[in-house]
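Okay, here's what each chain looks like letter by letter:
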2 protein chains.
Amino acid sequence: MRPDGRGLIEVRARGGPYFVHVGPGVLERVPTAAAESARGGRVAVISDDRVGPIHGERVAELCTAHGLEVTYLTFRAGEASKTRKSWSILTDQMLDAGLGRDSCVVAVGGGVTTDLGGFVAATYLRGVPVVQVPTSYLAMIDASVGGKTGVDVRAGKNLVGAFHPPAAVLADTAVLSTLPREERAQGLVEAFKHGAILDEAYFAELTSVTDELLAADTTAATAVVSRSVQLKAEVVENDEFEGGRRQILNFGHTIGHAIEAASDYALGHGSAVALGMLAEAWIGEQTGVTSPGVGGVLAAALEPLLDPGEATVEASDALAYLSSDKKARGGRPRFVLLDRIGQVAEGDGWTHSIDDELVAGALTRVLDRS
Amino acid sequence: MRPDGRGLIEVRARGGPYFVHVGPGVLERVPTAAAESARGGRVAVISDDRVGPIHGERVAELCTAHGLEVTYLTFRAGEASKTRKSWSILTDQMLDAGLGRDSCVVAVGGGVTTDLGGFVAATYLRGVPVVQVPTSYLAMIDASVGGKTGVDVRAGKNLVGAFHPPAAVLADTAVLSTLPREERAQGLVEAFKHGAILDEAYFAELTSVTDELLAADTTAATAVVSRSVQLKAEVVENDEFEGGRRQILNFGHTIGHAIEAASDYALGHGSAVALGMLAEAWIGEQTGVTSPGVGGVLAAALEPLLDPGEATVEASDALAYLSSDKKARGGRPRFVLLDRIGQVAEGDGWTHSIDDELVAGALTRVLDRS
């Protein structure tokens, strides 16, 4: 982190390095980043109809004031918009506006917007740069790094997309205060995941500043987003297309996705992943892979992030999802297990195959608990 | 070329090198190439309903005999199928079949199939490998190398897509005999373009074996496809994302695309590009960029490839397209001009800006001629 308290992290991607700027006020750097990516001076600012009026329009105005020609596009907020249809509409709107290959996309919003806007950019005229402006913890911590873009289809979430690393990421931690507290909690789960798999000291720090993070304190938020981006970048840089060690980022996600799907997505992604981490920690302890007590430490740390009034999910539904997923994807689901807090157990290519009975036991345990 | 008369050309792409196999019978190598790309042993063979019964089904059978699990998918033949809708349907069919990230796509057909199948692969689960099996001269010569994939949209052709280099290309020159002679002529235009921009000796060779090529003589075809692939690979390797010198491959295409669009795509791509090359040679000679007489040499060489009964196109329609394209893409169209046969004039970043009047003159000249 630089002395002014704003983080600046370099991420090395195959197409060249890019910077993630983290800190209060970095939104003002969007026009410079966009101008560098759009030789033709034209940009498409994409936002949803909830974040747009708060931050998207402001970004568009900043770009216009900087001398850029802005095409401002919005779509209806929510995961239900992360579709091929929205992607087609946004693409056609950009084509109608005559944006050429020397233009770029600026995506302003949460994970839906960064994923959808990123996929529009990835395929527009076979690819134009995208400047990502994440406005939620989840998007800042998770979607900023790695270049994953895509949309949901009937068969599942994120099944169509592309790896398209951004030209730059501007994560303005001052905007987090405009986010509902519950969404902040959802996003922070991924930060705890980074601590759990990679950095015990960071995990401890997160538990000590959870209240400040939930209150969107910009100093705490800037430190945490910066550290998470750094940790994720180190993993992704060495395995850009997710063939090997990058899979450790899926800790909590094999079961988390199943729980999320079993709730018909009524349960937030963060809550589902939190439960997934607890379940996978329990599995790890039961199989002797994970040190005893890790599940308890995780549970205590994640407690403040879990919404007590959240949707109930049946263990049998989550199990059924895992089993249909297994059938559909032509292989047993595989699990990332911790060795201890801060360290993943290497296993067979970073993942483990687990008996159905044990998975059922873990699901019953964490879902009854919730 | 190797001693057995089959070409094997290595292409260096950013994601790693791949091989283009050229020669009669290389179709039989598809299963080996597919198995190398699909660790899970499952492949989607994509073909259209015209090429499918001739070659697609055979490729599927070869793959099955090799022990691969094949999902055989077809779409209706023709450029009208190169759409986001076809892409969505093929993607969903692959998802329904449960193909995972350890599977691959095998695209068997002409340029529509290699472009569409390539784009399906580029975006399926954020990208799976594609083995390209081009069955037309155009697809072998032009679509095999460079990794361009995509679909057409209302606003124009190939405006949505991705750069997704293949894992391997199998160009079986024995299948060219199943192609209508007229389609062979269309595809060979691109070979002459390669000679015109890069290799005078190759251009001369092409003029001397045009009859054999049109008759799908496999020896001549193997030599020419191999040489064109080699020439294109050298250009593309040094400019994968089309920022610089790769633009020389657009010789004949600025005007060619306008003529093709003005004919409502009744005129074949090859014929349109042939006329585009003649027009751009004339412009080059008029501006003193191109050596005198080049247009005449080109015209004599391309004559056997032009269909005398082809669609008539009005110069004014082609001009209107160029002008609307100019307006839409936010810049004047730029032209690749020859210095002489085998050499492009460097210009300003390999392209030239040309007065509208001169373009109009060129269009009138070549379209009245046709």
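Scroll up to find the structure.
Predicted model only: the values in this text are computed from it and were never measured. Counting restarts for each chain, with residues numbered from 1 along the sequence as it is written. The lettering of chains begins at A and the numbering of ligands begins at 1, in the order of writing. Thresholds applied to this predicted model are a pLDDT of at least 70 for local features of residues and 80 or more for the giving and counting of side-chain atom pairs; totals over whole chains, interfaces and linings are not thresholded and use all residues. Water and hydrogen atoms play no part in the side-chain values, which are based on all heavy atoms of the structure.

*Asks:* Can you tell me about helix α9 (residues 218-237) of chain B, naming the residues and giving the values?
*Replies:* Side chains three or four residues apart in an α-helix point the same way, a direct result of the helix having 3.6 residues per turn. All names here are of chain B. Helix numbers and strand numbers start at the N terminus; a helix is a DSSP run of H or I with at least 4 residues, a strand a run of E with at least 2. How far a helix is expected to stretch is found by multiplying one less than its residue total by 1.5 Å. Here α9 contains 20 residues, and its C-alpha end-to-end distance of 27 Å stays within 8% of the 28 Å for a straight helix at 1.5 Å per residue. By the criterion of burial, α9 is predominantly enclosed, with 14 of the 20 residues buried. Under this definition, polar contacts are N or O atom pairs within 3.5 Å; protein pairs additionally need one hydrogen-donor-capable and one acceptor-capable atom, and for neighbouring residues in sequence, both atoms have to be side-chain atoms. Put simply, Asp-217 is the residue that caps the front of α9, since its side-chain oxygen is 3.1 Å from the backbone nitrogen of Thr-219. Note on exposure labels: buried denotes an accessible area under 20% of the residue type's maximum, exposed denotes more than 50%, and partly exposed covers the range between, all computed with a 1.4 Å probe on protein chains only.

*Asks:* How would you explain the sheet that holds strand β5 (residues 104-109) of chain B if you had to name every residue and give the values?
*Replies:* All names here are of chain B. The strand order across the open sheet formed by seven strands is β1-β2-β9-β6-β5-β3-β4, and the pairing between neighbours is mixed. The sheet is open, and its two edges are formed by β1 (7-13) and β4 (69-75), each paired on a single side. This sheet shows a mean twist of 15° between the axes of neighbouring strands, independent of strand direction. Any two residues whose heavy atoms approach within 4.5 Å at even a single point are treated as in contact. Think of each axis as a best-fit line through the C-alpha atoms, taken over the contacting stretch in the case of a helix, with angles from 0 to 180 degrees between the N-to-C directions. Sitting on the sheet, helix α3 (residues 84-96) touches β3 (42-48), β4 and β5, and the angle it makes with β4 is about 160°. The rule for pairing is simple: two strands pair if DSSP sees at least two bridges between them.

*Asks:* An account of the packing of aromatic side chains is requested, with residue identities and associated values reported.
*Replies:* Each Phe, Tyr or Trp ring (for Trp, its six-membered ring) is paired with any other whose centre lies within 6.5 Å, and the angle between the two planes then decides the class: stacked below 30 degrees, edge-to-face above 60, tilted in between. The final tally for this structure, using the stated rule, is five aromatic pairs over all chains. An angle of 85° between the planes, with centres 5.8 Å apart, marks the rings of Phe-192 of chain A and Phe-203 of chain A as edge-to-face. With Phe-192 of chain A in helix α6 (residues 181-198) and Phe-203 of chain A in helix α7 (residues 200-208), this pair connects stretches of sequence that are eleven residues apart. Judged on exposure class, the residue Phe-192 of chain A and its partner Phe-203 of chain A are both buried. Here the aromatic residues Trp-87 and Phe-119 of chain A together with Trp-87 and Phe-119 of chain B are joined through ring pairs into a cluster of three or more. Should the NZ of a Lys or the CZ of an Arg lie within 6 Å of a ring centre and within 35 degrees of the ring normal, that charge is described as sitting over the ring. Sitting over the ring of Trp-87 of chain B, Arg-84 of chain A keeps its end group 5.9 Å from the ring centre. A cation sits over an aromatic face here: Arg-245 of chain B above Trp-350 of chain B, 5.6 Å from the ring centre.

*Asks:* Pulling in residues and values, what's your account of the relation of the copies chain A and chain B?
*Replies:* Turning chain A through 180° and shifting it by 0.0 Å along the axis lays it on chain B, with an RMSD of 0.0 Å. Here the copies are linked by what is in effect a two-fold axis. Taking C-alpha positions as reference, the residue of chain A nearest the rotation axis is Arg-14 of chain A, located at 4.1 Å. When you check the interface residues of chain A against chain B, 100% turn up at the interface there too, and the contact is symmetric in its surfaces. For the least-squares superposition of copies, only C-alpha atoms count, and only for residues with pLDDT at least 70 in both.

*Asks:* Describe unusual backbone geometry, listing the residues and the values that go with them.
*Replies:* Residues and elements named next belong to chain A. In the Ramachandran plot, Leu-125 falls in the positive-phi region, its phi being about 50° despite a non-glycine side chain. Considering the arrangement of structural elements, one finds Leu-125 in the loop between α4 (111-123) and β6 (130-134). Backbone geometry places Asn-158, a non-glycine residue, at a positive phi of 60°. Structurally, the position occupied by Asn-158 is in strand β8 (residues 156-163).

*Asks:* Lay out the interface of chain A and chain B with the relevant residues and their values.
*Replies:* Contacts between the two partners involve 37 residues from chain A and, on the opposite side, 37 residues from chain B. In what follows, salt bridge is the name for a side-chain nitrogen of Lys or Arg lying within 4 Å of a carboxyl oxygen of Asp or Glu. Linking chain A with chain B are four salt bridges, by the criterion used here. Arg-84 of chain B is paired through a salt bridge with Asp-92 of chain A; the nearest N and O atoms lie 2.9 Å apart. Connecting chain A to chain B are ten residue pairs in polar contact (both at pLDDT 80 or more). Take the side of chain A that touches chain B: its biggest share by element is seven residues, from helix α3 (residues 84-96) of chain A. Residue classes follow a fixed rule: Ala, Val, Leu, Ile, Met, Phe, Trp, Tyr, Cys and Pro count as nonpolar, while Asp, Glu, Lys and Arg count as charged, and any other residue, Gly among them, counts as polar. Looking at the side of chain A that touches chain B residue by residue, the class counts come to 15 nonpolar, eleven polar and eleven charged.

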